[in-house]
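In case you want the letters, here they are:
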Amino acid sequence: MRRRIDADERSGVLVPSNLARFSAEWVEPAAGLSDVVETYWSVNWRLPPGEQVNQRIVDFPAITFSIEAGDVPAAFVVTTVRPRAWSRVIQGAGSVFAIRLRPAGLAVLSDLDPLRLAAEQEISPQVDGRLFELLRGIAAEPTTELRARAADERVREALREHPPAPAQGLANAAVRLLTASPQVRSGGAVAAELGTSERTLQRALRCTLGLGPNDVARRIRLQEVVRRLSESSASMAGIAADLGYVDQADLINEFRAVSGTTPGRYVRMVQAADAHLRDPPPGVARPAPGPGLPGGP
């Protein structure tokens, strides 16, 4: 199943109205692969000559493999979770088909060590031959739908040869729990909910994502904050209370530490971007929906 990535969901895209300028969609993996792949996603864009979009993102706590074409830095890329919001300049025309992994997925599909990965790294035969061949096989398919099915087959084969270890399953369970309930709580509280010790949980997440439970929880929570702040009815006090922050100041400090701005400034930035899309300045065309999804994502 394929569906567009909407501006009102938890995507981590700062100023989510920018999604209207691209064709962006989630693609559901086949049944039975949920221990390895959370989702596939794809983006296609074609911007007017000379136009750029500086897209800022707060990462979901996941490692992602991507197959890229057009005005992009490399064909095959692995990305990890950055400590702060990061930017990607989008220009010209291009496409990305990506595999967002569960914590267990890295060891199933590659020989990479999450503690040694750069934030963004090109995948070559020298870096990881097994992963390079997997991505090359998927990239040979011409459409998003065919790439998703090719990815399903290759993930299924890798899963038979490299089944997840118990620690990787624990890391998967922790991320699922925190995604379903992103409220503030300690690593010890998360471990207790999962019936394990905080040290065991810490070890499981670090060996799969390179992060501890508090960092994982913070990224998921901040994606939820971004989603809620992008709504016209957003209330800072209400968001802070719903997500279990000590107070509004606690939310502001955490948001600023990762995004580099305050929630108030962010809301004004979102409002300005929305207004620009609705009523562009004279001489500037209103952005057309990206190719591939009628009406845009």
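Because the structure is predicted, anything quoted here is derived from the model rather than measured. Every chain is numbered independently, its residues counted from 1 as its sequence is written. Where local features are concerned, this predicted model is filtered to residues with pLDDT of at least 70; where side-chain atom pairs are given and counted, the filter is 80 or more; whole-chain, interface and lining totals use all residues. Based on all heavy atoms of the structure, the side-chain values leave hydrogens and waters out of the count.

A. Fine view of the pattern of salt bridges. Put simply, a salt bridge is a Lys or Arg side-chain nitrogen that is within 4 Å of an Asp or Glu carboxyl oxygen. Scanning all chains against the criterion turns up 24 salt bridges. One salt bridge in this structure joins aspartate 59 and arginine 82, with 4.0 Å as the shortest N-O distance. Placement of the pair is aspartate 59 in the loop between β4 (52-57) and β5 (64-70) and arginine 82 in the loop between β6 (76-79) and β7 (86-91), with a sequence separation of 23 residues. Of the two residues examined, aspartate 59 and arginine 82, each falls in the buried class. Two residues, glutamate 68 and arginine 88, come together in a salt bridge whose shortest N-O distance is 2.7 Å. With a gap of 20 residues between them, glutamate 68 in strand β5 and arginine 88 in strand β7 connect regions that are remote in the sequence. Relative accessibility decides the category of a residue: with a 1.4 Å probe and only protein chains considered, values under 20% of the type maximum give buried, values over 50% give exposed, and everything between is partly exposed. Given the relative accessible area of 9%, glutamate 68 is considered buried. The network of salt bridges with shared partners includes Arg10, Glu224, Arg227, Arg228, Glu231 and Asp242. Think of it this way: any DSSP run of H or I at least four residues long counts as a helix, any run of E at least two long counts as a strand, and we number them from the N terminus.

B. Structural context of the nonpolar core. Residues Tyr40, Phe65, Phe97, Ile99, Leu109, Ile123 and Leu135 are the most contacted members of the largest nonpolar core, which totals 29 residues. Of all elements in the fold, only β3 (37-46), β5, β6, β8 (93-101), α1 (105-109), α2 (129-139) and α3 (144-161) reach the threshold of two or more residues within this core. In contact with isoleucine 99, other than residues within four places in its own chain, are Val37, Thr39, Tyr40, Ile63, Thr64, Phe65, Leu135, Ile138 and Ala151. As used here, the term nonpolar core means buried Ala, Val, Leu, Ile, Met, Phe, Trp, Tyr and Cys residues forming a set that is joined through side-chain atoms within 4.5 Å. It only takes one pair of heavy atoms within 4.5 Å for two residues to be counted as in contact.

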